[in-house]
Amino acid sequence: MRIGWGWKIMGFAILAFYLVWTVGPFYWMASTSFKTNKEMYTATPTLWPTQFVLDHYYDIFVRMEFLLHLRNSLIVAVSTTVISFIVGTMAGYALARLA
């Protein structure tokens, strides 16, 4: 059974809508990170920054010690995952031996 051109065009239009719906917020977040504070808070938003600044990234990595907080989060996440894996493995073994 062949699909008509109308259905293909409608399918591509739906896919394009979902692509913009999904990727749009990530683009907005990335483009806003390069805008100045004044440009971020204007009443009329712009899709592309008029002046690229890296001040926000400097603030995150140098002033706020982002890498320290990231390391702490990774330590907690990895240790929790390892402990859950070990407990789950032992519980699975115990349940398998009951049968």
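Shown above is the structure to which this text applies.
The rules behind these values
- Residue numbers restart at each chain and count upward from 1, following the sequence in its written direction.
- Only residues with pLDDT of at least 70 get local features here, since the model is predicted, and only at 80 or more are side-chain atom pairs given and counted; chain-wide, interface and lining totals rely on the full set of residues.
- The side-chain values count all of the structure's non-hydrogen atoms but skip hydrogen atoms and water molecules.
- Segments assigned H or I by DSSP are reported as helices when at least four residues long, segments assigned E as strands when at least two residues long, and all are numbered from the N terminus.
- In this description the radius of gyration comes from C-alpha coordinates, and the expected globular size is given by 2.2 Å times residues to the power 0.38.
- Only protein chains enter the area calculation, which uses a 1.4 Å probe; residues under 20% of their type maximum are buried, those over 50% are exposed, and those in between are partly exposed.
- We call two residues in contact whenever any of their non-hydrogen atoms come within 4.5 Å of each other.
- Note on areas: Shrake-Rupley with a 1.4 Å probe; residue coverage comes only from the protein chains shown.
- Neither His nor the chain ends contribute to the count of charged residues, in which Lys and Arg are positive and Asp and Glu negative.
- Here the site of a charge means atom NZ of a Lys, CZ of an Arg, CG of an Asp or CD of a Glu.
- To pair, rings of Phe, Tyr and Trp, with the six-membered ring standing in for Trp, must have centres within 6.5 Å; the planes then decide the type, stacked if under 30 degrees apart, edge-to-face if over 60, and tilted in the middle.
- Charges are assigned to positions over rings by a cutoff of 6 Å between ring centre and Lys NZ or Arg CZ, combined with an angular limit of 35 degrees from the ring normal.

Participant: Lay out the overall build of the protein chain with the relevant residues and their values.
Facilitator: Helix and strand counts for the protein chain come out as four helices and zero strands. Reading the helices (α) and strands (β) of the protein chain from amino to carboxyl end gives α-α-α-α. In terms of C-alpha radius of gyration, the protein chain reaches 24 Å, well past the compact-globule figure of 13 Å for 99 residues. C-alpha atoms of the protein chain, sized along the principal axes, occupy 65 × 60 × 20 Å. Looking at the protein chain as a whole, 8% of its 99 residues qualify as buried. Taking contacts inside the protein chain between residues at least 6 apart in sequence as the whole, the part at least 24 apart equals 3%. When the accessible surface of the protein chain is summed, it comes to about 9000 Å², and 75% of that surface belongs to carbon and sulfur atoms. Side chains of the protein chain give 7 positive and 4 negative charges; the mean places of these two sets differ by 21 Å.

Participant: Give me the packing of aromatic side chains: which residues, what numbers.
Facilitator: Summed over the entire model, instances satisfying the criterion amount to six aromatic pairs. Taken together, a centroid distance of 5.8 Å and an interplanar angle of 35 degrees make the contact between Phe17 and Trp21 tilted. You can see Phe17 and its partner Trp21 sitting in helix α1 (residues 5–33), four residues apart, about one turn around the helix. Judged by its relative accessible area of 48%, Phe17 falls in the partly exposed class. Accessibility expressed as a relative area gives 60% for Trp21, which makes it exposed. Taking NZ or CZ as reference, Lys35 lies 4.6 Å from the ring centre of Trp28, over its face.

From the geometry alone we can't say anything about function, so treat these as descriptive.
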